[in-house]
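One-letter residues, chain by chain:
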Amino acid sequence: MRDNDFKGEFAQTLEVSTPDHPYQRKIFFIGLGNEKNNQRHHLIRIAALAGRHISKRALENVAFLLPKYFGGNACEIIALLCAAGFNQGIYNLAIRRSTPDRFQPKRVDFLTPIPIMEESIKPLQNRMMIEANACTLARDLVNTPAGELNPISFAELIAIESEKTSISCEIWDEAQLKSNNMNCILGVAQGSAIAPRFVILRYQGADHRSVMAWVGKGVTFDSGGLSMKTGEQMIDMKCDMAGAATVFTALLAIAQMKVPVNILALLPLVENMVSGNSIKLGDVLVAHNKKTIEVRNTDAEGRLILADALSFAVENQVSQIIDLATLTGSCMVALGTEIAGLMSNENPWAEKVHRAIVGAGERSWPLPMDEDFDELLESSIADISNVAGNRYAGAIVAGKFLQSFVGTTPWVHLDIAGPAFAANDSRFHAAGATGTFVRSLIELAIRYRD
Ligand code: BES
Ligand code: MN
Ligand code: ZN
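Throughout, residues of each chain are indexed from 1 in the direction in which the sequence is written. Starting at A for chains and at 1 for ligands, labels are handed out in the order in which the entities are written. Per-residue local features of the predicted model are confined to residues with pLDDT of at least 70, and side-chain atom pairs are confined, for both listing and counting, to 80 or more; whole-chain, interface and lining totals are unaffected and use all residues. Neither water nor hydrogens contribute to the side-chain values; these are computed over all heavy atoms in the structure.

A.B. asks: Is there a simple way to think about the coordination of the manganese ion (ligand 2) in this case?
C.D. replies: Where a metal carries four tetrahedral donors, each ideal angle is 109.5 degrees; where it carries six octahedral donors, the ideal angles are 90 or 180 degrees. Donors, by definition, are the N, O and S atoms found within 2.8 Å of a metal, the threshold being 3.2 Å for Na, K and Ca, and water is not counted, so a site can look incomplete. Every protein donor of the manganese ion (ligand 2) is listed here as Asp222 (OD), Asp299 (O), Asp299 (OD) and Glu301 (OE), and their distances to the metal cover 2.1 to 2.2 Å. For a four-donor site, all angles between 85 and 135 degrees give tetrahedral; for four or six donors, opposite pairs above 155 degrees with the remaining angles between 65 and 115 give square planar or octahedral; all remaining cases count as irregular. Given 6 donor atoms and angles of 71 to 169° at the metal, the environment of the manganese ion (ligand 2) is assigned as irregular. Counting along the primary sequence, the residues that act as donors to the manganese ion (ligand 2) give the motif D-x76-D-x1-E. Here the manganese ion (ligand 2) and the zinc ion (ligand 3) are spaced 3.1 Å apart, linked through Asp222, which binds each one. Taken together, the residues span a long stretch of sequence, with Asp222 in strand E8 (residues 218–222) and Asp299 in the loop between strand E11 (292–294) and helix H10 (302–315) at a distance of 77 residues. Put simply, DSSP marks the helices as runs of H or I at least four residues long and the strands as runs of E at least two long, and each gets a number from the N terminus on.

A.B. asks: Looking at this model, I keep getting lost on the coordination of the zinc ion (ligand 3). Mind explaining?
C.D. replies: Of the protein atoms, only Lys217 (NZ), Asp222 (OD), Asp240 (OD) and Glu301 (OE) coordinate the zinc ion (ligand 3), at distances of 2.0 to 2.4 Å. Seen from the zinc ion (ligand 3), its 6 donor atoms lie at angles of 78 to 175°, and the figure they make is octahedral. Read from N- to C-terminus, the donor residues coordinating the zinc ion (ligand 3) fall into the pattern K-x4-D-x17-D-x60-E.

A.B. asks: How do you make sense of the site of ligand 1 when you look at a structure like this?
C.D. replies: Put simply, a residue is near a molecule or strand once any heavy atom of it comes within 4 Å of that molecule or strand. Around ligand 1, the structure places 16 residues, and the nearest of them are Asp222, Lys229, Asp299, Glu301 and Gly329. Under this definition, polar contacts are N or O atom pairs within 3.5 Å; protein pairs additionally need one hydrogen-donor-capable and one acceptor-capable atom, and for neighbouring residues in sequence, both atoms have to be side-chain atoms. In the environment of ligand 1, an oxygen atom lies 3.2 Å from a nitrogen or oxygen atom belonging to the side chain of Lys217. The backbone of Thr326 places a nitrogen or oxygen atom 3.4 Å from a nitrogen atom of ligand 1. Under the convention adopted here, Pro, Cys and the residues Ala, Val, Leu, Ile, Met, Phe, Trp and Tyr are nonpolar, Asp, Glu, Lys and Arg are charged, and Gly plus all remaining residues are polar. Considered class by class, the residues forming the shell around ligand 1 number 5 nonpolar, 4 polar and 7 charged.

A.B. asks: Please clarify how the nonpolar core should be interpreted in this entry.
C.D. replies: It is characteristic of soluble globular proteins that their nonpolar side chains tend to be buried jointly. Core analysis: the biggest nonpolar cluster contains 58 residues, and Leu201, Trp214, Ile254, Leu267, Ile322 and Leu414 have the highest contact counts within it. A per-element tally of this core places helix H9 (residues 242–257) first, with 12 residues. Residues are treated as being in contact if the distance between any of their heavy atoms lies within 4.5 Å. When neighbours within four sequence positions are excluded, Leu201 is seen to be in contact with Ile158, Ser162, Ile167, Ser168, Cys169, Phe248, Leu251, Ile263, Leu264, Ala265 and Leu267. Grouping buried Ala, Val, Leu, Ile, Met, Phe, Trp, Tyr and Cys residues that are joined through side-chain atoms within 4.5 Å yields what is termed a nonpolar core. Categorising residues by exposure relies on relative accessible area from a 1.4 Å probe, with only protein chains included: less than 20% of the type maximum marks a residue as buried, more than 50% marks it as exposed, and the intermediate range marks it as partly exposed. Membership of the second largest hydrophobic core comes to 50 residues, among which are Leu264, Leu304, Leu310 and Ile321.

A.B. asks: Please clarify how the packing of aromatic side chains should be interpreted in this entry.
C.D. replies: Both the distance between ring centres and the angle between the ring planes are used here to describe each pair of aromatic rings. Within 6.5 Å between ring centres, the rings of Phe, Tyr and Trp (the latter by its six-membered ring) count as paired, and their orientation is classed by plane angle as stacked under 30 degrees, edge-to-face over 60, tilted in between. Tallying each qualifying case throughout the model produces 8 aromatic pairs. An angle of 45° between the planes, with centres 5.4 Å apart, marks the rings of Phe64 and Phe110 as tilted. Here Phe64, found in strand E3 (residues 61–65), pairs with Phe110, found in strand E4 (residues 107–111); they are 46 residues apart in sequence, far enough to count as distant. Phe64 sits in the buried class, given a relative accessible area of 10%. Taking the centre distance of 5.4 Å and the plane angle of 80° together, the rings of Phe198 and Phe312 count as edge-to-face. With Phe198 in strand E6 (residues 197–204) and Phe312 in helix H10, this pair connects stretches of sequence that are 114 residues apart. Here Phe198 matches Phe312 in class, with each residue buried. Three or more aromatic residues link up through ring pairs in this structure, and these residues are Phe64, Phe86 and Phe110. Of note, Lys291 hangs over the ring of Phe405, and the distance from its end group to the ring centre comes to 5.5 Å. A ring is considered to have a charge above it if a Lys NZ or an Arg CZ atom is located within 6 Å of its centre and within 35 degrees of its normal. Above the face of the Tyr448 ring, Lys352 is positioned so that its terminal group lies 5.3 Å from the ring centre.

A.B. asks: Mind showing me how you'd approach the pattern of salt bridges here?
C.D. replies: A side chain of one charge can pair with a side chain of the opposite charge when the charged atoms of the two come close. Here a salt bridge means any side-chain nitrogen of Lys or Arg lying within 4 Å of a carboxyl oxygen belonging to Asp or Glu. This model, assessed by the stated rule, comprises 20 salt bridges. Between Asp299 and Lys229 there is a salt bridge whose closest N-O contact spans 2.9 Å. With Asp299 in the loop between E11 and H10 and Lys229 in the loop between E8 and helix H8 (231–234), this residue pair connects regions lying 70 residues apart in the sequence. Residue classification places Asp299 among the partly exposed residues on the basis of a relative accessible area of 22%. Residue Lys229 is classed as buried on the basis of its relative accessible area, which comes to 16%. Measuring nitrogen to oxygen at the nearest pair gives 2.7 Å for the salt bridge that ties Arg447 to Glu443.

A.B. asks: Is there a simple way to think about the packing of helix H12 (residues 347–359) against helix H14 (residues 438–447) in this case?
C.D. replies: Between two packed helices, what matters for the description is the angle formed by their axes and the separation of those axes. Axis angles are defined between N-to-C directions and span 0 to 180 degrees, where every axis is a line fitted to C-alpha atoms and, for a helix, only to the segment in contact. Where H12 contacts H14, the two axes come as close as 8 Å, and the packing angle between them is 120°. With respect to H14, the axis of H12 lies oblique. The handedness of the crossing between H12 and H14 comes out as right-handed. Here Trp349, Lys352, Val353, Arg355, Ala356, Ile357 and Gly359 of H12 lie close against H14, whose contacting residues are Ser440, Glu443, Leu444 and Arg447. Residue composition of the contact of H12 with H14, grouped by class: 5 nonpolar, 2 polar and 4 charged. For classification purposes, angles smaller than 35 degrees are called roughly parallel, those larger than 145 roughly antiparallel, those between 65 and 115 roughly perpendicular, and all remaining angles oblique. It is the rotation of the near helix from the far one that decides the hand of a crossing: anticlockwise by less than a right angle makes it left-handed, clockwise makes it right-handed.

A.B. asks: Help me understand a negative patch on the surface in this model?
C.D. replies: A surface patch of like charges, here negative, comprises Asp370, Glu371, Asp372, Glu375 and Glu378. Here Glu378 shows up in the loop between strand E14 (364–366) and strand E15 (384–385). Patch definition: residues above 30% relative accessible area lacking any salt bridge, with like charges linked at up to 9 Å and the nonpolar side chains Val, Leu, Ile, Met, Phe, Trp and Tyr linked at up to 5 Å. What sets the accessible areas is the Shrake-Rupley method with a 1.4 Å probe; for residues, cover comes only from the shown protein chains. Charge assignment: positive for Lys and Arg, negative for Asp and Glu; neither His nor the chain ends contribute. The atom standing in for a charge is NZ when the residue is Lys, CZ when it is Arg, CG when it is Asp and CD when it is Glu.

A.B. asks: Help me out: how do you make sense of a nonpolar patch on the surface in this one?
C.D. replies: Taken together, the side chains of Leu226, Met228, Val274 and Leu281 make up a nonpolar region of the molecular surface, amounting to roughly 360 Å² of accessible area. With respect to the helices and strands, the residue Leu226 is situated in the loop between E8 and H8. Under the relative-accessibility criterion, Leu226 is labelled partly exposed at 42%.

A.B. asks: Quick question: what am I supposed to make of the side chain of Asn87 here?
C.D. replies: As for its placement among the helices and strands, Asn87 is situated in helix H2 (residues 75–89). Asn87 gets classed as buried once you look at its relative accessible area, which sits at 17%. The contacts of Asn87, once residues within four sequence positions are left out, are Ala132, Cys135, Thr136 and Arg139.

A.B. asks: In this structure, what is going on with the environment of Asp173? I would like to understand it.
C.D. replies: Turning to its location among the elements, Asp173 is positioned in the loop between strand E5 (168–172) and helix H6 (174–179). Those residues in contact with Asp173, other than ones at most four positions away along the chain, are Pro196 and Arg197. Side-chain polar atoms of Asp173 contact the backbone nitrogen of Ala175, separated by 3.2 Å.

Next up, the structure:
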């Protein structure tokens, strides 16, 4: 290390060959940095860097030596974060490539620096595997091309996977959407050759009466509709169902771990397309809760389908709501690609969610929700417009629109447009879906009763 000027700075790396060793061929060192880089998300990145490095070669066995200390965290937390990060790093994006350029090792062992750590970490093995599989599935779903993953095929897959667990799955087709007044979902979907679906998943893990609603935006492709996107804006829009994928895969994990909570997961699935049947600018939709919406921009479609889903959650008298949506480019302008915007109508619930996110080593930041933003959404012909008259505070305006459908139910909206999908490769993850917030939702469920 001295010869190679390795000082252990954050994410500094050094690979050393050890040809004389009986079985250990190479050692890869990664710097942990200092107190400036000791938040949980830093450790995830270090482990992801390790995963990405070793997955460049086809290896049989890899051993990951856990750090003894990291930012004052218990060794259980260190192990969970390293497992999550390492799994993130070895993800193979090239699912449709004939010659792979990434290789997952056959076996990974996590080694403990002090023997007593091993005992406390062993019981976490199950959770590590379940979380890793959930994140990988979320990423695979988001990375699947929209020509393959559409509202119908996505709903079918959800039904099949839920069937293997204790989750009950109800799927509404077009006729049921009509008879249940889910007119915003129908309105957004009407330009598409593929019919929409509304997926209702119920997981009952506890005897108590409180139920959390998890709502995920499921736009399997967002062309913008008649307010069409440019090619450059549209290219990654298969990612627009990341909210639904996150909610679904986290719920699978919850059921596999038998977490004692009750969850109602709602996934409105649509394709936002252009055709002679597309919803037109100026059309008025009547949402599930009877509120009328003037559609002044068909590219603000996520909030429309969420309006129906949130109204349905409120009607079902859930205790709290959290929605996840790749909702606005504005949120990326405000907070960048790594941090989700967190909007809420109730501080204790917002704080509980934020703490779970930080606990999982992920990142969100609150945006203000002052009343005076509401007037930006006034419509002259309907109860509300789906967009404001100007571009300012776009992420908040979208949040305010959603808020008008949740009433007094404690609610958090996470705008994950930035962190859900990476346009480019980085040292820490492959381009494409990232699987972020799957583990945050799991953490929220595990902490729910505390
Ligand atoms: N799905 C997009 C938001 C998005 C943008 C997600 C970039 C991921 C990356 C959403 O439906 C959308 O088009 N939002 C509009 C809202 C506008 C019309 C008020 C946007 O952000 O431009
Ligand atoms: Mn859109
Ligand atoms: Zn969208």
